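So the chains spell out like this:
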Amino acid sequence: MYRIVVLLLFTSALSSCSRDTGKTQADLQRIYLAINDGNLDKANEILVPENRLSATPLESDGYTKELYGQVHVLETVSIGDDEMIIFKLEKHEKNRGVLRRMDSEEFKEKRAAGEVKSVNEDSGIIVYTERQMAFRVKMADGEYRYIIDPTEKALNVHFPNKRKEVERLVAKYFPAG
């Protein structure tokens, strides 16, 4: 009897997991690594056409250089054949003026919110974790593509009949906007 109960609990735990959490995490990681490499064409192959990148979202100037780190999928929520993905994304910032950066209001707010993962004052590297959302949508050819940093245009094209549901999920998981 004990073995049956354990087996049922194990089976229900597996069935509650996302369909392809590992694949989703790997796909998101590939998108962010391609952005790091400046290979926006490679990232755009995995993104929906309405979410194509034409410029890198990473800051790079004489004082600051940013790179994306690990992606960790926290949760997926089904929206029919599509999914909303909630994940944590590491952002590594190399800053020549790290002490000045640590004294900024933005840094203090991120630290208070628990977004600062580590600071190495000697090398000038700050690692942040940001909670983000993306959408995994099934295209007409049966392949899945992603929407990162969702725009109104991308959401309107891919969720015309489920827009209220998407807005409800965004408000639930990201109440500040």
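Refer to the structure above for everything that follows.
What counts and what doesn't
Residues numbered from 1 in each chain as written. Predicted model: local features only at pLDDT ≥ 70, side-chain atom pairs only at ≥ 80, totals over all residues. Heavy atoms only, no water. Buried < 20%, exposed > 50% of the residue type's maximum accessible area, 1.4 Å probe, protein only. Helix = DSSP H or I, 4+ residues; strand = E, 2+ residues; numbered from the N terminus. Arc of directions from axis to C-beta. Contact = heavy atoms within 4.5 Å. Salt bridge = Lys/Arg side-chain N within 4 Å of Asp/Glu carboxyl O. Pairing = 2+ DSSP bridges. Phe/Tyr/Trp six-rings, centres within 6.5 Å; stacked < 30°, edge-to-face > 60°. Lys NZ or Arg CZ within 6 Å of the ring centre and 35° of its normal. Core = buried A, V, L, I, M, F, W, Y, C linked by side-chain atoms within 4.5 Å.

Quick word on helix H7 (residues 163-173)
Item 1. Where H7 is concerned, the buried positions are Arg163, Val166, Leu169, Val170 and Tyr173. The buried residues of H7 occupy an angular sector of 125° when the element is viewed end-on, so they sit on one face. Pointing more than 90 degrees away from the buried face of H7 are the exposed residues Lys164 and Lys172.
Item 2. Against strand E1 (64-79), strand E2 (82-95), strand E4 (125-138) and helix H6 (152-158) lie the buried residues of H7.

As for the pattern of salt bridges
Item 1. Under the counting rule described, the total for this entry stands at eleven salt bridges.
Item 2. Where Lys110 meets Glu106, a salt bridge forms, and the shortest distance between an N and an O atom there is 3.6 Å. Taken together, the residues Lys110 and Glu106, both in helix H5 (residues 105-112) and four residues apart, mark about one turn of the helix.
Item 3. Through salt bridges with shared partners, a single ionic network connects Glu93, Arg101, Glu106 and Lys110.

Some details on the pairing of E2
Remember that side chains alternate between the two faces of the sheet whenever the strand is regular.
Item 1. Taking burial as the measure, the 14 residues of E2 include eleven buried ones, the bulk of the element.
Item 2. Turn length for the E1-E2 hairpin, with the two strands adjacent in sequence and antiparallel, is two residues, and the turn residue Gly80 shows positive phi of about 65°.

Thoughts on the pairing of E1
Item 1. Taken together, the 13 bridges between E1 and E2 define a ladder with antiparallel strand orientation. The partner of Thr64 across the bridge, within E2, is Asn95.

Here's the deal with the side chain of Lys91
Item 1. By the secondary structure assignment, Lys91 is in strand E2.
Item 2. Those residues in contact with Lys91, other than ones at most four positions away along the chain, are Glu66, Leu67, Tyr68, Ile126, Val127, Tyr128 and Glu130.

Concerning the packing of aromatic side chains
Item 1. Scanning the entire structure with this criterion turns up four aromatic pairs.
Item 2. The interplanar angle of 45° and the centroid separation of 6.2 Å between the aromatic rings of Tyr32 and Phe87 together place this pair among those described as tilted. A residue pair is termed long-range when its members are at least 10 positions apart, and Tyr32 in helix H2 (residues 21-36) and Phe87 in strand E2 qualify at 55 residues. Judged on exposure class, the residue Tyr32 and its partner Phe87 are both buried.
Item 3. Each member of the aromatic cluster is reached from another via a ring pair, and the members are Tyr32, Tyr68 and Phe87.
Item 4. Against the face of Phe174 rests Arg131, its NZ or CZ located 4.5 Å from the ring centre.
Item 5. The ring of Tyr144 carries Arg136 above its face, with NZ or CZ at 3.8 Å from the centroid.

What about the nonpolar core?
Item 1. Judged by nonpolar contacts, the single largest core of 20 residues is most densely connected at Leu28, Ile31, Tyr32, Ile35, Phe87, Tyr146 and Ile148.
Item 2. Counting only elements with at least two residues in this core, the list comes to H2, helix H3 (40-46), E1, E2 and strand E5 (144-148).
Item 3. Per-element accounting of this core gives the leading share, five residues, to H2.
Item 4. When neighbours within four sequence positions are excluded, Ile31 is seen to be in contact with Ala43, Ile46, Leu47, Tyr146 and Ile148.
Item 5. Val77, Met84, Phe159 and Leu169 belong to the second-largest nonpolar core, a separate cluster that totals 18 residues.

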